[in-house]
Amino acid sequence: MSTAASATNSTLLRAFALLEEVLAEERGVTAAELCQRLDVPKPTIHRIIGQLEQEGLLQKEPDGRYLAPGPRLRRMALNTLAHRSVGAARRAVLQRLADELGETCNLTLLDGHELVYFERVETNWPVRIQLHPGSRMPLHCTASGKLFLAMMPVHQRKALLSGLSLKAHTARTITDRERLEQELDTIAAQALSTDNEELIEGMVALAVPIYNEVGQVRAAVAVHAPTIRKPLSSLMEWAPALRQAALQLEKVIDL
């Protein structure tokens, strides 16, 4: 291998290693920390970071110190999870859950300040909400969105909430920050979240977390139902089935 090719190879591998470190650290990571962890000279680290930022693979957090996944990297991650070749086992679990409950079930991810649906199994009922994979929804008024907010570190939650517009979508949407914080504390204690007609009138939802191998919440599984078929009090009876599905999904989703 030529010297030029070897150098290119080395830079590419260092870039991948750097991205892995950023993705593994939930609180963000600094350039100085990357230098130490990867044993790479400071000028080299800054050059690679600059290139990755330029390509949208990395971005700096508002404080300017910490690095976070950029929009292009997040899209790549979502596209990877949604790819048919890696989703068969995941979809099978979700299909079994939807068949058992008889209502629409979905898997969601947190992307910045929004909720993203990346897998969904619809029911054949005439009354249902249709959200295609890739649909984005607000955090403060969805079961999965509130779950993500509740389960993240408190400092991260507060930083994210400070930038959210708590828009009212129905009369039940929580728009008061103090009240929302109280609900998030309750959700965190139970690892269980609900949407009580907060996004769409007449629709309720229940969500539980999906953890990765180190105990971080990386996705959520949820069930939706119209209140004319299933009021929220009845939907709560499905919490054990959702938790069982979440355990199965942890084995088939590489998070």
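Residues numbered from 1 in each chain as written. Predicted model: local features only at pLDDT ≥ 70, side-chain atom pairs only at ≥ 80, totals over all residues. Heavy atoms only, no water.

Novice: I'd like a rundown of the pattern of salt bridges, residues and numbers included.
Specialist: Scanning all chains against the criterion turns up 15 salt bridges. With a shortest N-O distance of 3.1 Å, Arg 37 and Glu 21 are connected by a salt bridge. With a gap of 16 residues between them, Arg 37 in helix H2 (residues 31–38) and Glu 21 in helix H1 (residues 3–24) connect regions that are remote in the sequence. A residue is classified by how much of its surface remains accessible, and Arg 37, at 37% relative accessible area, is partly exposed. Asp 185 is the salt-bridge partner of Arg 157, the closest N and O atoms lying 3.1 Å from each other. Here Asp 185 lies in helix H8 (residues 177–190) and Arg 157 lies in helix H7 (residues 154–162), a separation of 28 residues in the sequence. By relative accessible area, Asp 185 is classed as partly exposed at 45%. (Salt bridge = Lys/Arg side-chain N within 4 Å of Asp/Glu carboxyl O. Helix = DSSP H or I, 4+ residues; strand = E, 2+ residues; numbered from the N terminus. Buried < 20%, exposed > 50% of the residue type's maximum accessible area, 1.4 Å probe, protein only.)

Novice: Report on the sheet that holds strand E4 (residues 114–121), specifying residues and quantitative values.
Specialist: Strands in a sheet are paired, the pairing made by backbone hydrogen bonds, and the direction either parallel or antiparallel. Read from one edge of the open sheet, 6 strands run E5-E4-E3-E8-E7-E6, paired in antiparallel fashion. Edge positions in the sheet fall to strand E5 (136–137) and strand E6 (193–196), since each of these pairs with one other strand and no more. Sheet topology places strand E3 (residues 105–111) next to strand E8 (residues 217–226); 4 bridges connect them, and they run antiparallel. Paired with Cys 105 across the two strands is Val 223, which belongs to E8. Set on the sheet, helix H10 (residues 239–252) makes contact with E3, strand E7 (203–211) and E8; between it and E7 the angle comes to about 35°. (Pairing = 2+ DSSP bridges. Contact = heavy atoms within 4.5 Å. Axes fitted to C-alpha atoms, helices over the stretch in contact; angles between N-to-C directions.)

Novice: Lay out the pairing of E8 with the relevant residues and their values.
Specialist: Across the 10 residues of E8, 9 count as buried, placing the element largely inside the fold. Relative to E8, E7 runs antiparallel, the two being bridged by 9 bridges. Within the sheet, the bridge partner assigned to Ile 210 lies in E8 and is Ala 219. Between E7 and E8, which pair antiparallel and follow one another directly, the connecting turn spans 5 residues, one of which, Gly 215, has a positive phi of 85°.

Novice: Outline unusual backbone geometry, supporting the account with residue identities and numerical values.
Specialist: Positive phi, close to 55°, is recorded for Asp 39, a residue that is not glycine. Phi at Glu 197 is positive, roughly 60°, even though this residue is not glycine. Here Glu 197 is to be found in the loop between E6 and E7.

Novice: I'd like a description of the packing of H7 against H8, backed by residues and values.
Specialist: Contact geometry for H7 and H8: axes closest at 12 Å, N-to-C directions at 145°. Crossing hand, H7 versus H8: right-handed. Residues Arg 157, Lys 158, Leu 161 and Ser 162 of H7 pack against Arg 177, Leu 180, Glu 181, Leu 184 and Asp 185 of H8. When the residues that make up the contact of H7 with H8 are grouped by side-chain class, the tally is 3 nonpolar, 1 polar and 5 charged. (Left-handed = near helix turned anticlockwise from the far one by under 90°. Nonpolar A, V, L, I, M, F, W, Y, C, P; charged D, E, K, R; others polar.)

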